[in-house]
Amino acid sequence: MDKKEQIRRGLKELLGNKAGSGSTTVLATVDAVNEDEFTCDIDDAGIKIYDVRLRPVLNEKEGITIFPKPGTWVLAVRIEDSQEWMVVAVDEVDKYRIVAGDMLFEMKEGKYLVQSGAENLGQCIDDLILQMQMIYAPKNTAAITAIQLRFKQLLSGA
C-alpha cells in the first residue's frame, strides 16, 4: 500500500469514528438509476451501496433532481448519523428535472420537455404547425414541415 492510500484509509477511519460508523462521503461510480424512486446504486471500489437518494427527502414534493449517467462518477454523502446516502454531485448528467407546482421542465438527450398541467409545449407547437399547414399548404408546405422537424429535434413531446 502506497503513502497516498495509507493517508486516505487513515482519514476514512478517523472520520468514520467521529461520524458514527463508516465514511461520511464516498466517490463512487453509478451502477444503475431508478428514476421512479429517485435513487441510484453506486459502487465504491467493489463496495455496493443501494438506494442512494437523488433528493434529500423522498416524498411527493419535488424541486430539482439531477439523474446521473450510469457508469460515471458521483459524490455521495451520508445523511446525518443514518445508513442513508445522497448524491450531492455528479460527473455526467443523464437528465435534469425541475418541478415547481404543476410546471415541469426536463432536459434529456438534447431535448427539452416543458409542461404545465396537461399542456405540453412541444405538442402545442406541433398543433400550431399543423394548423399553419392547412392554411398555407398551397404556398410553401415544405418550409413549414422543415420548421416542424427542427422543433421535434429540440422538444420532446412534439
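Caption draft 1: Structural detail: the packing of aromatic side chains. Within this structure, the stated rule accounts for 2 aromatic pairs. Ring plane angle 35° and centroid distance 6.1 Å describe the contact between Phe-38 and Phe-67, whose orientation is recorded as tilted. You can see Phe-38 sitting in the loop between strand 1 (25-34) and strand 2 (39-44) and its partner Phe-67 sitting in strand 4 (residues 64-68), a full 29 residues away along the chain. Comparing Phe-38 with Phe-67, the two get one shared label, buried. The ring of Phe-38 has Arg-55 lying over it, and the distance from NZ or CZ to the ring centre is 4.2 Å.

Caption draft 2: Quick look at the side chain of Thr-65. Within the secondary structure, Thr-65 is located in strand 4. Side chain to side chain, Thr-65 and Glu-62 meet in a polar contact 3.1 Å long. Not counting residues up to four positions away in its chain, the partners in contact with Thr-65 are Phe-38, Leu-54, Arg-55, Lys-95, Tyr-96 and Arg-97.

Caption draft 3: Just the nonpolar core, in detail. Core analysis: the largest hydrophobic core is formed by 14 residues, its most contacted members being Val-26, Cys-40, Ile-42 and Val-52. Mapped by element, the contributors of at least two residues to this core are strand 1, strand 2, strand 3 (47-53), strand 5 (73-78) and strand 6 (85-90). Here the element with the most residues in this core is strand 1; it accounts for 3 residues. Here Val-26 is in contact with Ile-42, Asp-44, Ile-49, Val-74, Leu-75, Ala-76 and Trp-85, once residues within four sequence places are set aside.

Conventions adopted
- Residues numbered from 1 in each chain as written.
- Predicted model: local features only at pLDDT ≥ 70, side-chain atom pairs only at ≥ 80, totals over all residues.
- Heavy atoms only, no water.
- Phe/Tyr/Trp six-rings, centres within 6.5 Å; stacked < 30°, edge-to-face > 60°.
- Helix = DSSP H or I, 4+ residues; strand = E, 2+ residues; numbered from the N terminus.
- Buried < 20%, exposed > 50% of the residue type's maximum accessible area, 1.4 Å probe, protein only.
- Lys NZ or Arg CZ within 6 Å of the ring centre and 35° of its normal.
- Polar contact = N/O pair within 3.5 Å; in protein donor to acceptor, adjacent residues only side chain to side chain.
- Contact = heavy atoms within 4.5 Å.
- Core = buried A, V, L, I, M, F, W, Y, C linked by side-chain atoms within 4.5 Å.

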